[in-house]
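What follows is the residue order along each chain.
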Amino acid sequence: AAAAAAPAAPATDPDCLFCKMVAGKIPCRKIAETDDSLAFLDIFPTSRGHCLVIPKHHAARCHELPDVSMADVGVLVRRVAAAVVAATGCDDYNVLQNNGSIAHQVVGHVHFHIIPKPSEDEGLGVRWPSKKGDDAELDKLLAEVTPHVPPAAAAAAK
């Protein structure tokens, strides 16, 4: 029987700050690590306990990540959030992930912020300018988006 092929190495970008952290070329205050993800303290925190969880696979935007990387990051986000709650005593927090500069992404590598929210003044401040959607427009958008969702097997192959 033929030997199974070794898994492909995750994509990296030699100029990416977070890829350099993953490679050990830049230090970070590591909280936790898996084969596919890394969690560390944010050096510009908005509150005590603010940290980041990143995939080791380089992708600029969330939808560009392979499913296995996304799944691993999600599990580590939950584990690190629980650790931050336990360490800080702050039960309220935001999990934030931005895609693209207009959406306030500063480092072009997917990353999830875990930001404790101990008070109205500390942590993430969010303005959510929502309004009731038009039913006809929502139905039209649903019909436009739904065909682009790949089946689970196809998504896992990416």
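You'll find the structure just up there.
So, here is what we can say about the structure in this document. These figures come from a predicted structure and were not determined experimentally. Residue numbering note: each chain is counted from 1, following its sequence as written. This being a predicted model, a pLDDT of at least 70 is required before a residue's local features are given, and a value of 80 or more before pairs of side-chain atoms are given or counted; all residues contribute to the totals for chains, interfaces and linings. Note that water and hydrogens are dropped before the side-chain values are worked out from all heavy atoms of the structure.

1. Section: the overall build of the protein
Turning to step 1, where the next piece is worked out: Starting at the N terminus, helices and strands are each numbered in turn, a helix being any DSSP run of H or I of at least four residues and a strand any DSSP run of E of at least two. Along its length, the protein carries 4 helices and 5 strands.
Turning to step 2, where the next piece is worked out: For the protein, the sequential pattern of α-helices and β-strands runs α-β-β-β-α-β-β-α-α.
Turning to step 3, where the next piece is worked out: With 158 residues in all, the protein has 32% of them scored as buried.
Turning to step 4, where the next piece is worked out: Between two residues, a contact is recorded if the distance between any of their heavy atoms is within 4.5 Å. Partitioning the contacts of the protein with sequence separation of at least 6, the portion at a separation of at least 24 is 55%.
Turning to step 5, where the next piece is worked out: Just so you have it, the protein exposes about 10,600 Å², and 58% of that area is on carbon and sulfur atoms.
Turning to step 6, where the next piece is worked out: Working convention for charge: Lys and Arg count positive, Asp and Glu count negative, and His plus the chain ends are omitted. The location of each charge is read from NZ of Lys, CZ of Arg, CG of Asp or CD of Glu. Here the protein holds 15 positive side-chain charges and 19 negative ones, and the gap between their average locations is 5 Å. A simple rule labels every residue: compare its accessible area, found with a 1.4 Å probe on the protein chains alone, to the largest value its type can have, and call it buried under 20%, exposed over 50%, or partly exposed in between. Note on areas: Shrake-Rupley, 1.4 Å probe, and residue coverage restricted to the protein chains presented here.

2. As for the sheet that holds strand 3 (residues 51-55)
Turning to step 1, where the next piece is worked out: Being paired, for any two strands, means DSSP has found at least two bridges between them. With antiparallel pairing, the 5 strands of this open sheet are ordered in space as 1-2-3-5-4. Each end of this open sheet is capped by a strand with a single partner; those strands are strand 1 (30-33) and strand 4 (93-96). Averaged over all neighbouring strand pairs, the angle between strand axes comes to 15°, with direction disregarded.
Turning to step 2, where the next piece is worked out: Here strand 2 (residues 37-41) pairs with strand 3 via 5 bridges, running antiparallel. Note that in strand 3 the partner of F40 across the bridge is L52.
Turning to step 3, where the next piece is worked out: Whenever a helix is involved, its axis is fitted only over the stretch in contact; in every case the axis is a line through C-alpha atoms, and angles between N-to-C directions fall within 0 to 180 degrees. Strands strand 1, strand 2, strand 3, strand 4 and strand 5 (112-116) of the sheet are contacted by helix 2 (residues 67-88), whose axis makes an angle of about 160° with strand 3.

3. Considerations on the packing of aromatic side chains
Turning to step 1, where the next piece is worked out: Pairing of aromatic side chains requires ring centres within 6.5 Å, counting the rings of Phe and Tyr and the six-membered ring of Trp. Pairs whose planes differ by under 30 degrees are stacked, by over 60 edge-to-face, and all others tilted. On inspection of all chains with the given rule, the structure shows 1 aromatic pair.
Turning to step 2, where the next piece is worked out: Each ring, one from F18 and one from F40, has its centre 5.6 Å from the other, and the planes form 70°; the classification is edge-to-face. Placement of F18 in helix 1 (residues 17-22) and of F40 in strand 2 is noted, with a sequence separation of 22 residues between them.

4. Some details on the environment of P151
Turning to step 1, where the next piece is worked out: As for its placement among the helices and strands, P151 is situated in the loop between helix 3 (135-145) and helix 4 (152-157).
Turning to step 2, where the next piece is worked out: We classify P151 as exposed; its relative accessible area is 57%.
Turning to step 3, where the next piece is worked out: Expressed as a C-alpha distance, the spacing of P151 and G24, which sit 127 residues apart in the sequence, is 36 Å.

5. What about the environment of H111?
Turning to step 1, where the next piece is worked out: Inspection of the secondary structure puts H111 in the loop between strand 4 and strand 5.
Turning to step 2, where the next piece is worked out: The class for H111 is buried, based on a relative accessible area of 7%.
Turning to step 3, where the next piece is worked out: Sequence separation between H111 and A39 is 72 residues; the distance between their C-alpha atoms is 9.4 Å.
Turning to step 4, where the next piece is worked out: Residues within four places of H111 in sequence aside, it is in contact with F18, L52, V53, I54, L96, Q97 and Q105.
Turning to step 5, where the next piece is worked out: Of the polar contacts made by the side chain of H111, one reaches the backbone oxygen of H109; its length is 2.6 Å. Within 3.5 Å is the distance limit for a polar contact, defined as a pair of N or O atoms, with the added protein rule that one can donate a hydrogen and the other accept it, and that residues adjacent in sequence qualify only through two side-chain atoms.

6. Quick notes on the nonpolar core
Turning to step 1, where the next piece is worked out: Counting residues in each nonpolar core, the largest one holds 15 residues, and the members touching the most others are A39, V53, L76, V77, V80 and I114.
Turning to step 2, where the next piece is worked out: Among the elements of the structure, strand 3, helix 2 and strand 5 are those that each provide at least two residues to this core.
Turning to step 3, where the next piece is worked out: At 6 residues, the largest contribution of residues to this core is made by helix 2.
Turning to step 4, where the next piece is worked out: Those residues within four positions of V80 in sequence are excluded, and the remaining contacts are I31, A32, A39, C51, V53 and I114.
Turning to step 5, where the next piece is worked out: Counting 9 residues, the second-largest nonpolar core is a separate cluster that includes M21, L38, F40 and L52. What we call a nonpolar core is a set of buried Ala, Val, Leu, Ile, Met, Phe, Trp, Tyr and Cys residues that are connected through their side-chain atoms within 4.5 Å.

7. Side note on helix 2
Since one α-helical turn is 3.6 residues long, residues separated by three or four positions face the same way.
Turning to step 1, where the next piece is worked out: Helix length check: helix 2 (22 residues) gives 31 Å between terminal C-alpha atoms against 32 Å at 1.5 Å per residue, within 8%.
Turning to step 2, where the next piece is worked out: If you check which residues of helix 2 are buried, you get S69, V73, L76, V77, V80, A81, V84 and V85.
Turning to step 3, where the next piece is worked out: Here the buried face of helix 2 lies against strand 1, strand 2, strand 3, strand 4 and strand 5.
Turning to step 4, where the next piece is worked out: Count one or two residues on from helix 2 and you reach G89, which has phi positive near 75°. Given a helix with a known number of residues, its expected span is that number minus one, times 1.5 Å.

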